[in-house]
Amino acid sequence: MKSATISLVLGLLLCHFSMEAQELFPNTEPASNIPKRTLGIRLMGEAYSEGGGFIRNTNALRLMYGLTPRLSVYLTAASSNHHKKTLPSDYPYHNTPERGVFKPYEFNGISMYAKYRFLSMDEEKSHLRMAVYAEGSAVNSAHDEGEPRLMDDTKGFGFGYIGTYLKNKFAVSLTLGGIFPGRFKGEQVDVIDGMPNIPTTVKYPNTLNYSLSMGYLLWPRSYNSYKQTNINVYCELMGKYYGDTRVWVTPAGVPEYLVETVFIPPALRKGYYLDIVPGIQFIFNANTRVDLSMQFQGIKMSYARVYPQLNFGIQHYFYLK
Amino acid sequence: MRKYLVFFLLFMAGLQARAQFTQAEVSVNGLTCSQCSRSVEMALKRLDFISKVEMELQQPTAHIVFKKNKAIDFSKLAAAVRDAGFSVRSVKARLGTLDNGTCFLDNKIMYFNAGNAEPLKAGAHILLLGNDLISKTELDKYKQQIKQLRPVSCVQKAQKDIPFILLN
């Protein structure tokens, strides 16, 4: 509780200093698009410590392309050491989330995202833009927490709305979306040695994701060359609201049954949270972008990570002929 | 008969004031980042009639030099800015050689002075007010300055008209 309070205070303090960037948010998408016939390549990473020397990390390679000035499409391949081949034993009753155990670093799968900008109100040095997005994922990991994420944890689809306002050096953006994850059908190792694995099906909850991102251009104070390194500071408030996870198990000799909610741990129950994510960004030669941000616990908590989480991104645009 | 036709065509060509755009300034709305300016620059550089683009970053404006003897299409230029994700606030162009007149045909497009009847001169700067170039909101800002439609003296057939006002 004490560490949560310290994280909250630290996060808010960092955000306070970074209140005043641009809309190139490190962790969320703006309503603006990738320019037409431009290929963006982004490498992303997240890392947090579970204690005992266990560092969990997720990495992803994202290809982004501007199909039209209003429509951008993304293809993301993700890998992580967040999942084993099987769910934890005694799932879902105990050991969820499973911390401090070895999990192999593996490829998680591919996801797609498309964003369409339907409104642009451009003025000199300002704009208001709105977009809708849809995403789908073919990821099929043995994800043991309830909270879904299409990039690396669960299959499924999602869609949502983005509104971004930019004025001079300040930008603010709101995202509201739904995630409709599919089921994971797999197995868990029986707690009794020698017994066969237990077929287990998990239906991750439908989820509302929300974020409010703010950014400010810190440097340069005045543009005169592409060679000037840009420094943007950001503060993002990101969270999700999700329902109960449902789990069906089929132990040997017993028909499949749904585990009642009262027996499932908090990480699989209905919940919500809001993280505070201050960040800094460097843009070199008006193209290569490096993002660094730290995700702190704000309101409630996500069971899909241990705070604080370090987020990293590097991105470059290739303007095709 | 053929001789008369040749004379007729030469006569028509003589009526038509010839213009050659040499440079343009395209101001861009909706951006404040240098990466955005670069995206506009790269989109403009794809056009085959542009020889050089220099972006003014602080007041996002593209300073464009056109290639000589290439057909210039300002609507493609505006579309390139939109392709980069932004919109055009204004298009100012500088005329090269020009016969006196209040209108001229270039690349099958009729450009006419909508501000006054003052004859054009070589080197004049004009502000183009085509509705496929700049948004309706920007066009409305110049409503007061538009005094006339295409003058009756500009009789040539054209694929489309672009009104302009003289800047100097």
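Being a predicted model, the structure only gives us computed values, none of them experimental.

Each value, and the rule that gives it
Residues numbered from 1 in each chain as written. Chains lettered and ligands numbered in written order. Predicted model: local features only at pLDDT ≥ 70, side-chain atom pairs only at ≥ 80, totals over all residues. Helix = DSSP H or I, 4+ residues; strand = E, 2+ residues; numbered from the N terminus. Buried ≥ 20, exposed ≤ 12 C-beta atoms within 10 Å, placed from the backbone. Contact = placed C-beta atoms within 7 Å. Nonpolar A, V, L, I, M, F, W, Y, C, P; charged D, E, K, R; others polar. Pairing = 2+ DSSP bridges.

Account for unusual backbone geometry, naming residues and giving values.
Residue and element names in this part refer to chain A. Cis geometry marks the peptide bond from Thr96 to Pro97; its omega dihedral reads 0 degrees. With an omega dihedral of 5 degrees, the bond running from Trp219 to Pro220 counts as a cis peptide bond. With respect to the helices, strands and loops of the structure, Pro220 is situated in the loop between β10 (207-219) and β11 (230-242). A positive phi angle, near 55 degrees, is found at Arg37, a position not held by glycine. Among the residues examined, Arg37 registers 19 C-beta atoms within 10 Å and is labelled partly exposed. Although it is not a glycine, Asn95 sits at a positive phi angle of roughly 60 degrees. Take Asn95: it is sitting in the loop between β3 (71-80) and β4 (106-123).

Can you break down the interface of chain B and chain A residue by residue, with the values?
Across the boundary between the two partners, chain B contributes 21 residues, which contact 26 residues of chain A. Of all the elements, helix α2 (residues 34-45) of chain B adds the most residues to the side of chain B that touches chain A, at seven residues. Class assignment for the residues of the side of chain B that touches chain A results in six nonpolar, 10 polar and five charged.

An account of the sheet that holds strand β8 (residues 183-188) of chain A is needed here, citing residue identities and associated values.
Pairing between sheet strands relies on hydrogen bonds along the backbone, with the strands arranged either parallel or antiparallel. All names here are of chain A. One open sheet holds the four strands; their spatial order is β8-β9-β12-β13, and the pairing between them is antiparallel. Looking along the sheet, the strands with just one partner apiece sit at the ends: β8 and β13 (257-258). Where strand β12 (residues 246-249) lies against β13, two bridges are found, and the strand directions are antiparallel. Each bridged residue has a counterpart across the sheet, and for Val249 the counterpart in β13 is Tyr257.

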